[in-house]
Amino acid sequence: MDAVRVALLREVLAGTEWPTAARGFARTLRSSVVPRGGGLLLVGTEVYEPWHMAAHLADESTWSGLPQLRPTLVRHRVEPDDPAHLAVGLGRIEAAGRGETLLMVAPERPDAGLLERVHDARRAGATVLSLDGGDTEVRGLAHEALTVPDNGEVDLDTVQHLVSAAAGENVAVPRGRGSFRDRLSRLADQLTAPPPPRW
């Protein structure tokens, strides 16, 4: 999703908790990955693989110049002829440890095998984050969770767009005018903002 669409989405959701909640979660994600320099593992449930989140985080990683944001998509089923970037199975979570971040996207309750692997990764020192539908066991495993209720005003896909866009934002630019992407995002915000009232 490009900067203009994200700005429009934020405008539509202005007045709700979601833009602020997504930015807060994205800050946690970014701070858990960038300083440690470890890998970012992204996993879904057996039914839901977070392809879009992986693609958006990869884009944000490139645009923001933060290679640490590029996730490794961990999949429940890997076929022998899958390309290397799609051939990472659940065993990778078992190997996760200190300095690594595991982001679990779980609209529904994951199976017991995944929950056990995530629990083991947390005990080994990995930071666990979750975008979830409200399952208490998933939330209990996560150091930080953002819950998107099934019957709420937004869906999980929308929140994934907000989080991935916010993760790539350069929040503080001490000198100069910022990156091209920051300037484009500011311009999009200005162009999509309602006009000032005329008295």
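Residues numbered from 1 in each chain as written. Predicted model: local features only at pLDDT ≥ 70, side-chain atom pairs only at ≥ 80, totals over all residues. Heavy atoms only, no water.

### Overview of the pairing of strand 1 (residues 40–43)
Then, number 1: Residue alternation in strand 1 divides its side chains into two sets, Leu-40 and Leu-42 and Leu-41 and Val-43, and both sets are buried.
Then, number 2: Pairing between strand 1 and strand 2 (residues 71–74): four bridges, direction parallel. When the sheet's bridge partners are listed, Leu-41 is paired in strand 2 with Thr-72.
Then, number 3: Regarding topology, helix 3 (residues 51–64) serves as the crossover connection from strand 1 to the parallel strand 2, and that connection is right-handed. (Buried < 20%, exposed > 50% of the residue type's maximum accessible area, 1.4 Å probe, protein only. Helix = DSSP H or I, 4+ residues; strand = E, 2+ residues; numbered from the N terminus. Pairing = 2+ DSSP bridges. Right-handed = clockwise from strand over helix to strand, strands pointing away.)

### Things to note about the layout of surface pockets
Then, number 1: Volume-wise, the second largest pocket comes out at about 180 Å³.
Then, number 2: If you go around the second largest pocket, the residues you meet are Tyr-48, Pro-107, Asp-132, Gly-133, Val-148, Pro-149, Asp-150, Val-154, Asp-155, Leu-156 and Asp-157. (1 Å grid on protein atoms, 1.4 Å probe; cavity = no way out; pocket = protein on both sides within 12 Å on 5 of 7 lines; lining within 4 Å. Points joined across faces, edges and corners; volume = space filled by probe spheres on them.)

### A short note on the environment of Thr-136
Then, number 1: Counting through the fold element by element, Thr-136 comes out in helix 6 (residues 136–141).
Then, number 2: When the C-alpha atoms of Thr-136 and Arg-109 are compared, they prove to be 8.9 Å apart, with 27 residues separating the residues in sequence.

### Points about the sheet that holds strand 3 (residues 101–106)
Then, number 1: With respect to topology, five strands assemble into an open sheet ordered 2-1-3-4-5, the strand pairing being parallel. Each end of this open sheet is capped by a strand with a single partner; those strands are strand 2 and strand 5 (144–147). With strand direction ignored, the average angle separating the axes of adjacent strands in the sheet is 20°.
Then, number 2: As paired elements, strand 1 and strand 3 share four bridges and run parallel to each other. Directly across from Leu-41, in strand 3, lies its bridge partner Leu-102.
Then, number 3: Relative to strand 2, helix 3 is tilted by about 165°, and along the sheet it contacts strand 1, strand 2, strand 3 and strand 4 (127–132).
Then, number 4: Across the sheet, helix 5 (residues 112–123) touches strand 1, strand 3 and strand 4, and the angle it forms with strand 3 is around 155°. (Axes fitted to C-alpha atoms, helices over the stretch in contact; angles between N-to-C directions. Contact = heavy atoms within 4.5 Å.)

### A look at the packing of helix 3 against helix 7 (residues 156–167)
Then, number 1: Helix 7 packs onto helix 3 with a crossing angle of 20° between their chain directions and a minimal axis gap of 8 Å. Classed by the angle they form, the pair helix 3 and helix 7 counts as roughly parallel. The interaxial crossing formed by helix 3 with helix 7 has right-handed handedness. Listed contacts from helix 7 to Met-53, His-56, Leu-57 and Glu-60 of helix 3 are Gln-160, His-161, Val-163, Ser-164, Ala-165 and Ala-167. (Parallel < 35°, antiparallel > 145°, perpendicular 65-115°, else oblique. Left-handed = near helix turned anticlockwise from the far one by under 90°.)

### Things to note about helix 5
Then, number 1: For helix 5, which comprises 12 residues, the first-to-last C-alpha distance of 16 Å matches the rise-based estimate of 16 Å (1.5 Å per residue) to within 8%.
Then, number 2: Of all the residues in helix 5, the buried ones are Leu-114, Leu-115, Val-118 and Ala-121. The buried residues of helix 5 occupy an angular sector of 125° when projected down its axis, which confines them to one face. Exposed residues lying more than 90 degrees from the buried face of helix 5 are Ala-112, Glu-116 and Arg-123. (Expected span 1.5 Å × (residues − 1). Arc of directions from axis to C-beta.)

### So, the pattern of salt bridges
Then, number 1: Taken as a whole and assessed by the stated rule, the structure comprises eight salt bridges.
Then, number 2: Residue Arg-75 pairs with Glu-49 through a salt bridge whose shortest N-O separation is 3.2 Å. Taken together, the residues Arg-75 in the loop between strand 2 and helix 4 (91–94) and Glu-49 in the loop between strand 1 and helix 3 connect sequence positions 26 residues apart. In this pair, the class of Arg-75 matches that of Glu-49, namely buried.
Then, number 3: Ionic pairing is found between Arg-117 and Glu-94, a salt bridge with its closest N-O pair at 2.8 Å. You can see Arg-117 sitting in helix 5 and its partner Glu-94 sitting in helix 4, a full 23 residues away along the chain.
Then, number 4: Among the charged side chains, a salt-bridge network with shared partners connects Glu-49, Arg-75 and Asp-82. (Salt bridge = Lys/Arg side-chain N within 4 Å of Asp/Glu carboxyl O.)

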